[in-house]
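Coordinate inspection notes
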Amino acid sequence: MSIRIHELAKKIGMDNKQLLKLLQGRNFDVKSVSSSIDNISADALVEEFKKPEDSSAPASEAEAAAAASEEAEPTKAKPRKASAPAAAPTPEAAKPEATPTVNLPSGVFVKTPEDIAREKAEKAAAAAAAEAAEKAEKAAARARASAPPPPPAPVAPAPAPVAPKPAVSAPPPVPPIPKPAVRAAPPAAAVISSPPPAPALPIPPVVKRPAAAVSPAPTAAAPARPTPLSAPPVLPAPAPPPVSAPPPVAPPVLGAVAPKPPPISPVPASALAAEDDEIKHIQLKPPIIVRDFAAALGLKPFKLISELNQQGGFASMNSTIEEAVAVAVAEKHNFILEIKHRGEPAEKKAAAQEEVDPEEEEKRNLQPRPPVVCILGHVDHGKTSLLDRIRSANVVSGEAGGITQHIGAYQVERSGRKITFLDTPGHAAFTKMRARGAHVTDVAVLVVAADDGFMPQTDEALKHAQEAGVALIVAINKIDVKGANIDQVKTQMQQRNIAAEDWGGETITVPVSALKGEGVDTLLEMILLQADMLELQANPKAEASGLIVESEIDFGRGPMATVIVQRGTLKVGDALVCGTHFARVRAMFDDQGRNIKEAPPSTPVRVIGWSGTPDSGATFRAVKNAREAENLAEEEQLRLRQVATRAAAAPKEVSVDQLFANIAATQARTLKVILKTDVFGSTEAVRNVLEGIKSDKVSVDIIANEVGLVTKNDVLMASAAKAVVIGFHTKLENGVTSMAKHHGVRIETFELIYELGDKVREMMADLLDPDLKEIKLGGAEVRQVFDLGKGAVAGCLVTDGKVTRNVLARLRRKKSIIHEGRVSTLKRYKDDANEVRAGLECGIKLDEFNGYEVGDIIECYEVQKVRATL
Ligand SMILES: Nc1nc2c(ncn2[C@@H]2O[C@H](COP(=O)(O)OP(=O)(O)OP(=O)(O)O)[C@@H](O)[C@H]2O)c(=O)[nH]1
């Protein structure tokens, strides 16, 4: 039994990637987050990472100590209780976690000996450091407490987090503190508190505890609550700058209070210092991302994630945290979080002061974006059904012939996260679309039917995905079908060097049934997991740019393009330029056809307002205004014209071979085609089909191709050029049919690409002279020769088929053909006959031939014209 890493990570509340690294560091043979480890090791890890939270054992120890101290200081009771839950996350508690000190349940081996040795060393070092800090702090506290000499010299550069606690643990204003501390302190504490000679202040005992295991929590927690008011009046005379170097707030307070002499209680002074030390300020800009926030708090991201997840929701490394939540979490960790919004005066000032580095700005604005996923695979392997299942809409039934004809882009939501899907057609003609699909995407899902295995377009799709360098997931579909063979598909994967994970490879492989929905959830989970691993980000604040997935002329709305926003946020009213086309975004529609105003990164959206149909695969970008967009498009048109003119004007060297080839080409017959399609991608697909028809005798020339309806103009053009009009997925404008009849123009429209291919082949063949085919009718053997004076007649026996008067015939003698002509006379006895069948005797005379010999064979045949082959 085993468990996948991402499941384990969820259990532990750790980031997938971190857990993967951790396991790799511990020499586990794991390659990706969907790899698995054995259950024993997994349990040990769960146990290991439970520790920091359920530090109940040591906590109870601490509580015992605290309870003891309560007896002496009843006033302390409340604060401690209240702060108890917050104990764990205090900086002190967090510290031991920072070093990977791990206590495994005995008998479980999940670490290498080196790991254990290293951890021990780190633990020892941490303990030593903590102790040194304590000592230093203690000395400082003592120096402050024993007021008289004002030596301001800070006692020791006490490490920030540990230092404050002892001070705070001794807040009680009145009685000489030592007693409770002594009582509360475990034996160890007493020992350690001894080193410095000076007065046995109460503080140390609490700090005493060995850094990691201690539940300094309760004690440490107490100081966490800010009690600023108590500070000023009590402050001891001198020692303004005690240990509290870090927070800048401390000095003024201390300074201000310093002159007051009352020497009564030295303790609160340190309490104030501690407090100032404790509460730190951090500034962040929205959006607050888990990763950055954890770094600012000095926490491990997985700790923060688990904390956020406990509050409900689903956080990951790149999740954005709501501001209110972030403030609360920061408070819990003794930080004051200042969120700096854009446009705030302070920021404006800062912006004015320093030049913004665009790269920095870009980095700062990066935000997680949804993954773009491409579904690839062979025809009919279930790509559309899978997508259909995922978004629970019935697309398959709406497609012509059940085949996806052009790319579709959709967005689905899963666990509160969006995934953008591209559906690409499986037919061979749509190669370019698939290639384009693969290049736009982050993750490619290769659909392989379990009953069919890898097919030509599966391999081609795999090649596209590999060339594009996108993450690959294999979905073995149709596992419900009789004859489904998952292992066979995995064998084929192995042969292609993309072995499945459970076969020792690295390719995430999910068996699914698009029809029954089995495995689809797992597939989505894997996609999100891959997306997490890829850490996909984009800057939504930048000028919008992206890629044209598809373009078409929408009847009624004009040129329309399906685009994927890759960067920035596309808005209605934006001015766009894309090659020779430009747009002012009039309206945008999402995959459900709903009108939307904005499209952030990774969103597929249909845009209207284009000057024409931009090429699929071209990139667009937003510019300042429509005028600029138009100018840029015009410049591009001009540039292309110049390139074409230069190319045409350039002298060409023509070889003799080429010359002959050109002459032959002019003699070869050509089918001229005017092509009209629904979308740009279809044009490509039809072109692919037509260019794939190879013939030496006849060629296809697409003299014009456009997206849109077949118009009267097309008919006129076809009439002038002697061309045919081919429409794919498009209709005819009113009046076109009658006009075409009048001009003798042939118009053919198609819904299925393979039907189009077959028909064009026929049309091409029709341009060729028909082939002649000889069909044998029968044969007769000459048995006797009759000389009639004015000529000879052959007395024959019809051996096969039939002999008919006037048909073509040839006379063979052994292997030679002696004569070819027609059967001019055919007699049965003395009567003329039209036809004599096999087994009967007859007299045959071939026109203009008299030289028959016994044994000659007369073959009768006819010649038929058949359509020429290409
Ligand atoms: N039994 C079974 N049939 C399926 C499953 N998935 C798809 N099919 C059927 O397979 C046929 C083809 O499915 P599509 O989703 O159109 O396949 P496609 O790969 O999108 O095909 P193209 O659009 O031509 O590229 C349909 O009849 C589906 O009902 C499945 O998991 N189990």
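Rules behind the numbers
Residues numbered from 1 in each chain as written. Predicted model: local features only at pLDDT ≥ 70, side-chain atom pairs only at ≥ 80, totals over all residues. Heavy atoms only, no water. UniProt positions renumbered as here; feature names shortened; annotations may be inferred. Phe/Tyr/Trp six-rings, centres within 6.5 Å; stacked < 30°, edge-to-face > 60°. Buried < 20%, exposed > 50% of the residue type's maximum accessible area, 1.4 Å probe, protein only. Lys NZ or Arg CZ within 6 Å of the ring centre and 35° of its normal. Helix = DSSP H or I, 4+ residues; strand = E, 2+ residues; numbered from the N terminus. Polar contact = N/O pair within 3.5 Å; in protein donor to acceptor, adjacent residues only side chain to side chain. Contact = heavy atoms within 4.5 Å. Axes fitted to C-alpha atoms, helices over the stretch in contact; angles between N-to-C directions. Left-handed = near helix turned anticlockwise from the far one by under 90°. Nonpolar A, V, L, I, M, F, W, Y, C, P; charged D, E, K, R; others polar. Salt bridge = Lys/Arg side-chain N within 4 Å of Asp/Glu carboxyl O. Expected span 1.5 Å × (residues − 1).

Going by an unreviewed UniProt entry, the protein chain carries the name Translation initiation factor IF-2 and comes from Cephaloticoccus primus. UniProt's Subcellular location (unreviewed entry) comment on the protein chain is quoted here verbatim: "Cytoplasm". The annotation that UniProt attaches to the protein chain under Function (unreviewed entry) is "One of the essential components for the initiation of protein synthesis. Protects formylmethionyl-tRNA from spontaneous hydrolysis and promotes its binding to the 30S ribosomal subunits. Also involved in the hydrolysis of GTP during the formation of the 70S ribosomal complex."

**Structural notes on the packing of aromatic side chains**
In this structure the tally under the stated criterion is one aromatic pair. Measuring from ring centre to ring centre gives 5.1 Å for Phe849 and Tyr852, while their planes differ by 85 degrees; the resulting arrangement is edge-to-face. Tyr852 shares its class with Phe849; the two are buried. When the ring centre of Phe589 is taken as reference, the NZ or CZ atom of Arg557 above it lies at 4.3 Å.

**Description of the side chain of Arg810**
Mapped onto the elements of the fold, Arg810 is located in strand E30 (residues 808–813). A polar side-chain atom of Arg810 sits 2.9 Å from a polar atom in the side chain of Glu774. A polar side-chain atom of Arg810 sits 3.5 Å from a polar atom in the side chain of Tyr861. Leave out the neighbours within four places in its chain, and Arg810 touches Glu774, Ile817, His819, Glu820, Ile857, Ile858, Glu859 and Tyr861.

**Describing the packing of helix H28 (residues 680–691) against helix H31 (residues 753–766)**
As a packed pair, H28 and H31 sit with axes 10 Å apart at the nearest point and diverge in direction by 40 degrees. Here H28 and H31 pass one another in a crossing that is right-handed. For the pair H28 and H31, the contacting residues are Ala685, Val686, Val689 and Leu690 in the first and Ile753, Leu756, Gly757 and Val760 in the second. For the contact of H28 with H31, the per-class residue count stands at seven nonpolar, one polar and no charged.

**Focus on the pattern of salt bridges**
A side chain of one charge can pair with a side chain of the opposite charge when the charged atoms of the two come close. Evaluation of the coordinates by the stated rule reveals 31 salt bridges. One salt bridge connects Glu781 with Arg783, and the closest N-O pair in it is separated by 3.9 Å. A relative accessible area of 44% means that Arg783 is categorised as partly exposed. One network of salt bridges, in which partners are shared, links Glu774, Arg810, Arg812, Glu820 and Glu859.

**Some words on H31**
Compared with an ideal rise of 1.5 Å per residue, which puts 14 residues at 20 Å, H31 spans 20 Å between its outermost C-alpha atoms and is within 8% of the ideal. When H31 is considered as a whole, its buried residues turn out to be Ile753, Leu756, Gly757, Val760, Met763, Met764 and Ala765. Elements that come into contact with the buried residues of H31 comprise strand E24 (669–677), H28, strand E25 (698–707), strand E26 (724–728) and strand E27 (747–750).

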